[in-house]
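# Commentary on secondary and tertiary structure
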Amino acid sequence: MGTEVLETKLIGQISDHLYEGVTKIIDLARGRAAVYVNAHTSMTYWNVGRYIIDDMDYQTYSAYGQKILATLSQRLMARYGKGYTYSALTRMMNIARIYDDKEMFATLSQTLTWSHFVELVTIKDDTKRLFYQQMGIAQHWSVTQLRAKQDEMAYERSLIAVKPNDEIVKTLESISPHRMDPDVVLKSSYVLDFLGLSGFYTEEKLESAIARQLENFILELGQGFAFLERQKRFTVDGTDYYLDLLFYHRKLKCLVAIDLKLGKFKPQYKGQMELYLKYLQKYDMQPDENPPIGLLLCSEGNTEHIELLMLDEDNIKVGQYLTCLPNKQWFIDKLNRSILIAKEHNK
């Protein structure tokens with residue numbers, strides 16, 4: 001009996017090992033097949049759109065051209081099914097117009113599905129579309145996540161949105177799943193309505209509320225953040241200093257120091273954060289990490305002060321936190337004001 005039990009156990013172990021190995025092979029093959037099918041489908045639709053545009057030229061915009069397209073749609077549906085409705089054909093043409101470089105589209109279709117492209121082309125502004133495209137690739141957003149990020153005004157709230165357009169494009173084109181930039185990771189405003197704070201509250205009460213709702217706070221910060229410490233103590237020349245929150249960001253490969261402030265940004269906050277960052281760089285930064293970044297979160301915005309004091313500052317960022325969710329126009333107005341101030345100071 002002992003031999004039989006041992007043999008049964010050995011067979012089970014070998015079977016488990018084989019099962020794990022074989023399932024990995026199958027899952028990898030299925031993943032590759034899914035990528036191939038997606039890319040092939042997207043390229044087929046792109047080619048259809050491009051062919052119609054090239055063949056019909058300006059007539060695509062005329063009433064006559066629309067009738068031709070409707071007739072074509074009916075014939076294609078009769079042969080290939082519902083994937084070639086009139087609206088589907090117009091989407092194919094629209095995507096082929098906006099993504100007019102075939103090689104570039106082929107590369108993008110290795111990671112983005114056709115549904116991603118359908119969503120992206122609804123964004124009229126080229127730079128804004130590039131932001132969602134590149135972030136979608138870098139952070140593996142589903143179509144549902146892509147829509148949610150647009151609804152959250154992710155672009156308007158990003159630190160990069162106020163920079164000159166050519167700088168935005170250059171930065172966005174450089175990001176990837178393995179390389180991120182602080183100005184696309186960090187935001188100019190954070191909505192902390194889940195904390196349940198209203199009226200007067202102290203910095204201690206704010207910090208305690210964040211500690212209780214840490215998961216939601218990390219979700220609002222964005223992907224890649226890992227919590228390390230609360231009230232981290234620094235001792236310099238016998239004086240103790242306390243940093244509110246310390247995080248690590250996996251893609252940025254650096255420590256992120258967050259200090260919470262009531263009211264507007266004040267010049268002395270910058271000096272205090274510089275001390276924290278120098279301490280972290282000297283005593284906490286690992287050899288394979290990038291220099292730490294500081295994020296000052298203030299309850300009120302004062303963009304001009306921030307612009308004047310933070311020009312050419314790479315490692316200290318300033319954001320505003322909101323304890324209730326404003327309407328979307330608030331974010332748009334804030335962005336427009338920040339852009340105007342930035343342009344004035346860059347003249």
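The rules behind each value
Residues numbered from 1 in each chain as written. Predicted model: local features only at pLDDT ≥ 70, side-chain atom pairs only at ≥ 80, totals over all residues. Heavy atoms only, no water. Phe/Tyr/Trp six-rings, centres within 6.5 Å; stacked < 30°, edge-to-face > 60°. Helix = DSSP H or I, 4+ residues; strand = E, 2+ residues; numbered from the N terminus. Axes fitted to C-alpha atoms, helices over the stretch in contact; angles between N-to-C directions. Parallel < 35°, antiparallel > 145°, perpendicular 65-115°, else oblique. Left-handed = near helix turned anticlockwise from the far one by under 90°. Contact = heavy atoms within 4.5 Å. Nonpolar A, V, L, I, M, F, W, Y, C, P; charged D, E, K, R; others polar. Salt bridge = Lys/Arg side-chain N within 4 Å of Asp/Glu carboxyl O. Buried < 20%, exposed > 50% of the residue type's maximum accessible area, 1.4 Å probe, protein only. Pairing = 2+ DSSP bridges. Expected span 1.5 Å × (residues − 1).

## A closer look at the packing of aromatic side chains
- As enumerated under the stated definition, the model contains 18 aromatic pairs in all.
- Ring centres of Trp 46 and Phe 105 lie 6.1 Å apart, and the angle between their planes is 25°; on these two criteria the pair is classed as stacked. Taken together, the residues Trp 46 in helix H1 (residues 2-56) and Phe 105 in helix H4 (residues 102-108) connect sequence positions 59 residues apart.
- These aromatic residues form a ring-pair network of at least three members: Tyr 45, Trp 46, Tyr 80, Tyr 84, Tyr 99, Phe 105, Trp 114 and Phe 117.

## What about the packing of helix H6 (residues 126-138) against helix H9 (residues 165-174)?
- Where H6 contacts H9, the axes come no closer than 10 Å and their chain directions differ by 20°. Classified by the angle between their axes, H6 and H9 sit roughly parallel to one another. In this structure, H6 crosses over H9, and the sense of that crossing is left-handed. Side by side, H6 and H9 meet where Thr 127, Leu 130, Phe 131 and Gln 134 of the first sit next to Asn 165, Ile 168, Val 169, Leu 172 and Glu 173 of the second.
- Across the contact of H6 with H9, the residue classes tally to five nonpolar, three polar and one charged.

## Here we look at the packing of helix H2 (residues 63-80) against helix H3 (residues 86-98)
- Running from N to C, H2 and H3 point in directions that differ by 115°, and their axes come no closer than 9 Å. Compared by their axis directions, H2 and H3 come out roughly perpendicular. You can see that H2 and H3 cross each other, and the crossing is right-handed. Each of Gln 66, Leu 69, Ala 70, Leu 72, Ser 73 and Leu 76 in H2 lies in contact with H3, whose residues at this interface are Tyr 86, Leu 89, Thr 90 and Met 93.
- A breakdown of the residues in the contact of H2 with H3 according to their chemical character gives seven nonpolar, three polar and no charged.

## Quick look at the pattern of salt bridges
- Evaluation of the coordinates by the stated rule reveals 16 salt bridges.
- In this structure, Asp 54 engages Arg 50 in a salt bridge whose closest nitrogen and oxygen atoms are separated by 3.2 Å. Taken as a pair, Asp 54 and Arg 50 lie in helix H1 at a separation of four residues, close to a single helical turn.
- The class for Asp 54 is exposed, based on a relative accessible area of 53%.

## Structural notes on the pairing of strand E3 (residues 239-249)
- Across 10 bridges, the pairing between strand E2 (residues 225-236) and E3 is antiparallel. Counted as the bridge partner of Lys 232 is Leu 243 from E3.
- Here E2 hands over to E3 after two residues, with Asp 237 in that stretch at a positive phi of 50°.
- Bridge count between E3 and strand E4 (residues 254-261): five bridges; the pairing is antiparallel.

## Thoughts on helix H13 (residues 267-283)
- The end-to-end C-alpha distance of H13, which contains 17 residues, comes to 25 Å, matching closely the 24 Å that a straight helix rising 1.5 Å per residue would cover.
- For H13, the set of buried residues is Tyr 269, Lys 270, Met 273, Tyr 276, Leu 277, Tyr 279 and Leu 280.

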